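A look at the structure
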Amino acid sequence: MKKLIQFELHKTFSKRLTRAALITLLLLSFLFSFSSYRNMHAYDGVSNEGSGHTAVEIDKYIAKKYEGLLTDEKVQEMMTDFAPKFDLHGLNACYLYLNAIQSAVFARFTDENGDWNGLSVSDVFGDEDIKIGYTYGWLKTSQNMVPIFIILSLIIIIMTAPVFSGEYGGVDNIILTSKYGKTKCTMAKVIASIMASLIVTSAVSAINFILAFVMYGSNGLNCSILFAPREFIDGYTGYIPFNITLGTLLKYQFLLAFTGAISITGITLVLSAMCKNQVTALIASAAIYFLPFIIPVSETNPMFRYITLLPIYHVQFISLMSIEQIRGGMLYALFAVPVALVFIGIGIVLSRRIFAKHQVL
């Protein structure tokens, strides 16, 4: 069995299309990371201003000044330190960006003219303890990993689609069946497919994490995501209705990347066994993967909770994280784990049965 699994893994990773796709994804990871890093800009409100590495250092310096729990006193201090010293020309002050901390406080505690809007920390965040620090770089990393993990899912489909469909009409199936029998041959394909998915997901996750760690350090991983700059409120962390740290957010994102990988592997295994053509299996798998985006179900519809448990919402994880915690404080997003096990379980059982019918006796 071990040799069969090694054979299947080698066959998967030796294909030119798979290698080209993985290299492209690696390059995209570097491109997204360094592009975000170089495009960062910060101004401390006095004299220091810069982009790239300089901007990160300015943001870290400012965050260190106010680090710790957010208080009404700190809000007033920030409002004074970053009060607009120039004409906004009609721009609503809550959209003003000088640095990450200024953007975060202005987004919640300023009126359109840049004056304090009268809200206290408890008015905005309730009884939550909001720990502040440098989070901007890691939030950009998390945001960048969403398209990276979506592309990764497509690569997993590319790797898995030929597993069974590529054997119809070929000689591998005849050779392996005659030597090892139907059960070992089929099971080796399944195990190798799952292993390949886990290997590439682990590699991509590790590369993106290491890149971010090198550029931003570990500062801010223990800080709240609720006190994020304006750009993350409307389209990212603002959808999450509870208080968690940035490190916890990343843990859930990586976990859901793995559940998404396992789920789409199970789906693709079934379609690979059903389709006699590799291209058909690939297209069918990709179509099913993106199908939830086409279904016209709003977030207020009760069905939305079930749709978000489909693989593409695992990697586009904010939708899953946006659903309120359930009884006992458990996050709804954790249901993705048993759902992934169901998908891969169905994939194993059905693909083996379907493929076994076509094997040479």
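Overview of the structure.

Turning our attention to the packing of aromatic side chains. Enumeration according to the criterion identifies 16 aromatic pairs in this entry. Note on Y134 and Y216: the rings are 6.4 Å apart at their centroids and 45° apart in plane angle, and the pair reads as tilted. Of this pair, Y134 sits in the loop between β4 (131–132) and α7 (136–160) while Y216 is found in helix α10 (residues 182–216), placing the two residues 82 residues apart along the sequence. In this structure, Y134 and Y216 share a single accessibility class: buried. Members of the aromatic cluster, joined through ring pairs, are W138, F149, F209, F213 and F254.

Moving on, we get to a nonpolar patch on the surface. Nonpolar side chains collect at one region of the surface, where F209, I210, F213 and V214 lie side by side and expose about 390 Å² of accessible area between them. By the secondary structure assignment, F213 is in helix α10. According to the relative accessible area criterion, F213 is partly exposed, its value standing at 42%.

It is worth spelling out the nonpolar core at this point. Core analysis: the largest hydrophobic core is formed by 92 residues, its most contacted members being L70, M78, F109, Y216, F227 and M321. Of all the elements, α7 adds the most residues to this core, at 13 residues. Once you skip the residues sitting within four places of it in the chain, M78 turns out to touch Y66, L70, I101, V105, I132 and F227. Among the nonpolar cores identified, the runner-up in size contains 10 residues, and V190, I262, L269 and A273 belong to it.

Axis separation between helix α12 (residues 246–274) and helix α13 (residues 278–294) bottoms out at 9 Å; the angle between their running directions is 140°. In terms of axis orientation, α12 runs oblique to α13. In this structure, α12 meets α13 at a crossing whose hand is right-handed. Judged by residue contacts, I264, I267, T268, L271 and S272 of α12 engage A281, A284, S285, I288 and Y289 from α13.

With that out of the way, let us pick up the environment of N277. Here N277 is to be found in the loop between α12 and α13. Taking the C-alpha atoms as reference, N277 lies 39 Å from S35; in sequence the two are 242 residues apart.

So, on to helix α17 (residues 336–356). Look at α17: 30 Å from first C-alpha to last across 21 residues, which is about the 30 Å you get at 1.5 Å a residue. Of all the residues in α17, the buried ones are A336, A340, I344, G347, S351 and F355. Each buried residue of α17 lies within a common arc of 70° when the element is viewed along its axis, so the set occupies one face. Facing away from the buried side of α17, by more than 90 degrees, are the exposed residues L341 and R353.

Our focus in this paragraph is the environment of G247. Assignment of secondary structure puts G247 in helix α12. Sequence separation between G247 and I225 is 22 residues, and the spatial gap between their C-alpha atoms is 9.2 Å.

On inspection of all chains with the given rule, the structure shows five salt bridges. One salt bridge in this structure joins E8 and K11, with 3.5 Å as the shortest N-O distance. Taken together, the residues span about one helical turn, with E8 and K11 both in helix α1 (residues 2–13) at a distance of three residues. The residues E8 and K11 share a single accessibility class, namely buried. Taking the shortest distance from any N to any O, the salt bridge between E231 and K140 comes out at 3.7 Å. Placement of E231 in helix α11 (residues 230–235) and of K140 in helix α7 is noted, with a sequence separation of 91 residues between them. Each of E8, K11 and K189 takes part in a single network of salt bridges with overlapping partners.

Conventions and cut-offs
Residues numbered from 1 in each chain as written. Predicted model: local features only at pLDDT ≥ 70, side-chain atom pairs only at ≥ 80, totals over all residues. Heavy atoms only, no water. Phe/Tyr/Trp six-rings, centres within 6.5 Å; stacked < 30°, edge-to-face > 60°. Helix = DSSP H or I, 4+ residues; strand = E, 2+ residues; numbered from the N terminus. Buried < 20%, exposed > 50% of the residue type's maximum accessible area, 1.4 Å probe, protein only. Patch = residues over 30% accessible without salt bridge, like charges linked within 9 Å, V, L, I, M, F, W, Y side chains within 5 Å. Areas by Shrake-Rupley, 256 points an atom, 1.4 Å probe, with all protein chains shown as cover. Salt bridge = Lys/Arg side-chain N within 4 Å of Asp/Glu carboxyl O. Core = buried A, V, L, I, M, F, W, Y, C linked by side-chain atoms within 4.5 Å. Contact = heavy atoms within 4.5 Å. Axes fitted to C-alpha atoms, helices over the stretch in contact; angles between N-to-C directions. Parallel < 35°, antiparallel > 145°, perpendicular 65-115°, else oblique. Left-handed = near helix turned anticlockwise from the far one by under 90°. Expected span 1.5 Å × (residues − 1). Arc of directions from axis to C-beta.

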